Amino acid sequence: MAHSSHDVIVVGGGVIGCAVARELATDHDILVVERGQIATEATALAAGEITMTPLYTDNPSIADYANEFFSKYDGTGQFEFTERPSLELVPPDRKYEARKRIERLAADSLTVSFLKPDVVEANYPRFNLEEFVGVIKYQDTGFVDPYTLAMTLKNDAESQGATILTDTTVTDIRIADEHVNGVNTSEGTFDAPHVVVATGWRTEQFLRDYAQLPIRPYRTQCIVLDPIKAVSNEFPMGWIPGEHVYFRPERTGSLLVGGWSFTEDNPDSASEKEDEVFRDHVANLVPGFLRGFERARFVNGWAGVDGATPDTRPIIDAPRDAPDGLVVAAGFHGRGVMTAPVAATVVRTLIAGEQCPFPRDPFVLSRLNHDRQTSSSTVSVLVIEFPGYST
């Protein structure tokens, strides 16, 4: 059986684990342990939207940090970041709320504007906004291919000396005198004073003996539609509040549509009926606001599982009552791809004791006013109406 010592062990080889490994590998000996292959679970099923700007209007420095990373990382290896504006379609019953939000965001100097339907249709002729009063247009958004991002991060981490161990299950964390000292795995024992757990929706159950995390698994769907006429290179991303659906173009001219997040008691079992209901919802919805999709061809579809927190933001923290050296990065609510550079930096500050370049408050466990008697089963059913459902 294998045995080795490292500075940090990262449990989980998705986009978060790979980003953390890359961030730390410059000056730490890193081991990543993945139960399967790199980026083959939630990351591989992600939509890849980068919509941090509308997600963190209350903390724009967090969005700015992520946006700058993706812009600079563009062109690294095979990775590409495609900048594209995002449109929030505003139905009549949300007009007042949308106007007030625009005023607040504009006062905070965010690049956001309200456009009337005729202006949107003139700029983007594929839209038919008869049922909407306008759109909120966000700049500083875009999309990526999640798998390519994760593999590029992995390659960077390995080039800096990180070790990636796949097809290996971590059976438990080794604790001595209330301090982490490594992990036991199916392939052997590995020592480290720091363990970062980034195992998606499985994190809550995996760490149940060490920390109470209000994270519950949820399932969401994506499908790809091939319209009669391909969407243009300028076609924006967007979402429709109330319909629980987001959309973005593919580089092939197809349209990716996703959404509908539901908590799951048995996340390992996929429901074909739920997939059919979502496809029917999209088939009825999309032709109502996009021209040329009346006979769009269904290309493919999939469903994924991620972890949900009560306030939809992740937990990236060293829990106060957990063993020293244990760090959690989970509960990304389908937004792990876009939050990966932020998560990696927060983890670094926790392990290296460095100053974080943006507020960490939105990610600490204590923000949730977590009751010791609360378990993950009490997390309410959450249906996201905000951008970035990238499971």
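Each value, and the rule that gives it
- Each residue is numbered by its place in its chain's sequence as written, counting from 1.
- With pLDDT at 70 or above as the cut-off, local features in this predicted model cover only qualifying residues; side-chain atom pairs require 80 or more to be listed or tallied, and sums for whole chains, interfaces and linings still use all residues.
- Hydrogen atoms and water are omitted, and side-chain values are computed over all heavy atoms in the structure.
- Only DSSP runs of H or I with at least four residues qualify as helices, and only runs of E with at least two residues qualify as strands; both kinds are numbered from the N terminus onward.
- The length a helix should cover is 1.5 Å for every residue beyond the first.
- Residue contacts are defined here by distance: any two heavy atoms, one from each residue, within 4.5 Å place the two residues in contact.
- The angle between two axes is taken between their N-to-C directions and runs from 0 to 180 degrees, where each axis is a line fitted to C-alpha atoms and a helix contributes only its stretch in contact.
- For classification, angles of less than 35 degrees are called roughly parallel, those exceeding 145 degrees roughly antiparallel, those between 65 and 115 degrees roughly perpendicular, and all remaining angles oblique.
- Charged residues are taken to be Asp, Glu, Lys and Arg, nonpolar residues to be Ala, Val, Leu, Ile, Met, Phe, Trp, Tyr, Cys and Pro, and polar residues to be all remaining types, Gly included.
- Definition of a polar contact: a pair of N or O atoms within 3.5 Å, with one able to donate and the other able to accept a hydrogen when the atoms are protein atoms, and with sequence-neighbouring residues admitted only if both atoms are side-chain atoms.
- Here, strands pair whenever DSSP counts at least two bridges between them.
- Here, a salt bridge means any Lys or Arg side-chain nitrogen found within 4 Å of an Asp or Glu carboxyl oxygen.
- Here the term buried applies to any residue with accessible area under 20% of the maximum for its type, exposed to any over 50%, and partly exposed to those in between, with areas from a 1.4 Å probe on protein chains only.
- In summary, the pairing rule links any two rings of Phe, Tyr or Trp, Trp by its six-membered ring, whose centres are within 6.5 Å, and it sorts them by plane angle into stacked for under 30 degrees, edge-to-face for over 60 and tilted for everything else.
- Distance and angle both matter: a charge sits over a ring if NZ of Lys or CZ of Arg is within 6 Å of the ring centre and within 35 degrees of the ring normal.

J.: Outline helix 6 (residues 146-159), listing residues and values.
T.: For helix 6, spanning 14 residues, the distance from its first C-alpha to its last is 20 Å, which sits close to the expected 20 Å at 1.5 Å a residue. The inward-facing, buried residues of helix 6 abut helix 1 (15-24), helix 3 (60-73), strand 9 (142-144), strand 10 (163-165) and helix 9 (336-352).

J.: So, the packing of helix 3 against helix 9: which residues are in play, and what are the values?
T.: It is at 9 Å that the axes of helix 3 and helix 9 come closest, and there the two elements cross at 105°. Taken as axis vectors, helix 3 and helix 9 run roughly perpendicular relative to one another. Here I62, Y65, A66, F69 and F70 of helix 3 come into contact with helix 9, specifically with V337, M338, P341, V342 and T345. In terms of residue class, the contact of helix 3 with helix 9 is made up of nine nonpolar, one polar and no charged.

J.: So, the side chain of N67: which residues are in play, and what are the values?
T.: You can see N67 is positioned in helix 3. Separated by 3.0 Å, the side chains of N67 and T53 make a polar contact. Residues within four places of N67 in sequence aside, it is in contact with I50, M52, T53 and D140.

J.: Run through the sheet that holds strand 9, naming residues and quoting values.
T.: Pairing is antiparallel across the open sheet formed by three strands, whose spatial order is 4-9-5. Every interior strand has two partners, whereas the edge strands, strand 4 (49-50) and strand 5 (81-83), have only one. In the sheet, strand 5 pairs with strand 9 via three bridges, with the strands oriented antiparallel. Paired with F81 across the two strands is V144, which belongs to strand 9. Set on the sheet, helix 3 makes contact with strand 4, strand 5 and strand 9; between it and strand 5 the angle comes to about 115°.

J.: Which residues make up the pairing of strand 12 (residues 179-185), and what values do they have?
T.: Here strand 11 (residues 170-176) pairs with strand 12 via six bridges, running antiparallel. Note on strand 12: the bridge partner recorded for D172 is N184. The pairing of strand 12 with strand 13 (residues 188-191) spans four bridges and is antiparallel. By the bridge assignment, V183 is partnered in strand 13 with F190. Hairpin connection of strand 12 to strand 13: two residues between the antiparallel strands.

J.: Break down the pattern of salt bridges for me, citing the residues and quoting the values.
T.: Within the structure shown, the criterion is met by 17 salt bridges. As a salt-bridge pair, E103 and K100 come within 3.8 Å of each other at their nearest N and O atoms. Here the residue E103 and the residue K100 both occupy positions in helix 4 (residues 95-107), the gap between them amounting to three residues, near one helical turn. The class of K100 is partly exposed, set by a relative accessible area of 42%. Note that D226 is salt-bridged to R297, the shortest N-O span being 3.2 Å. Of this pair, D226 sits in strand 15 (residues 216-226) while R297 sits in strand 19 (residues 297-308); the two residues are 71 residues apart in sequence, bridging distant segments of the chain. Judged by relative accessible area, D226 falls into the partly exposed class, the value being 26%. The structure contains a network of salt bridges with shared partners spanning D27, R348 and E354.

J.: So, the side chain of N128: which residues are in play, and what are the values?
T.: For N128, the location among the structural elements is in the loop between helix 5 (117-123) and strand 8 (134-138). Classification of N128 by relative accessible area gives buried; the value is 16%. Within polar-contact distance, the side chain of N128 engages the backbone nitrogen of E130 at 3.5 Å. Among residues more than four places away in sequence, those in contact with N128 are E121, G288, F289, L290 and R291.

J.: So what's going on with unusual backbone geometry? Which residues, and what values?
T.: Look at D140: it is not a glycine, yet its phi comes out positive at around 60°. Within the fold, D140 resides in the loop between strand 8 and strand 9. Relative accessible area serves as the criterion here: at 42%, D140 is assigned to the partly exposed category. Despite not being glycine, H333 shows a phi value in the positive range, around 55°.

J.: Describe in detail the packing of aromatic side chains, supporting the description with residues and values.
T.: Following the criterion strictly, the structure yields 14 aromatic pairs and no others. Both rings, one in F127 and one in F289, keep their centres 6.5 Å apart while their planes meet at 35°; by these two values the pair is tilted. Linking F127 in the loop between helix 5 and strand 8 with F289 in the loop between helix 8 (272-285) and strand 19, this pair joins segments that are 162 residues apart in sequence. Residue class for F289 comes out buried when judged on its relative accessible area of 1%. Where F247 meets F289, the ring centres are 5.4 Å apart and the plane angle is 40°; that geometry is what we call tilted. Linking F247 in strand 17 (residues 245-249) with F289 in the loop between helix 8 and strand 19, this pair joins segments that are 42 residues apart in sequence. Neither F247 nor F289 differs from the other in exposure class; each is buried. Positioned above the aromatic ring of F114 is the side chain of R99, whose terminal nitrogen or guanidinium carbon lies 4.1 Å from the ring centre. The positively charged end of R279 is found above the aromatic ring belonging to F298, 5.4 Å away from the centroid.

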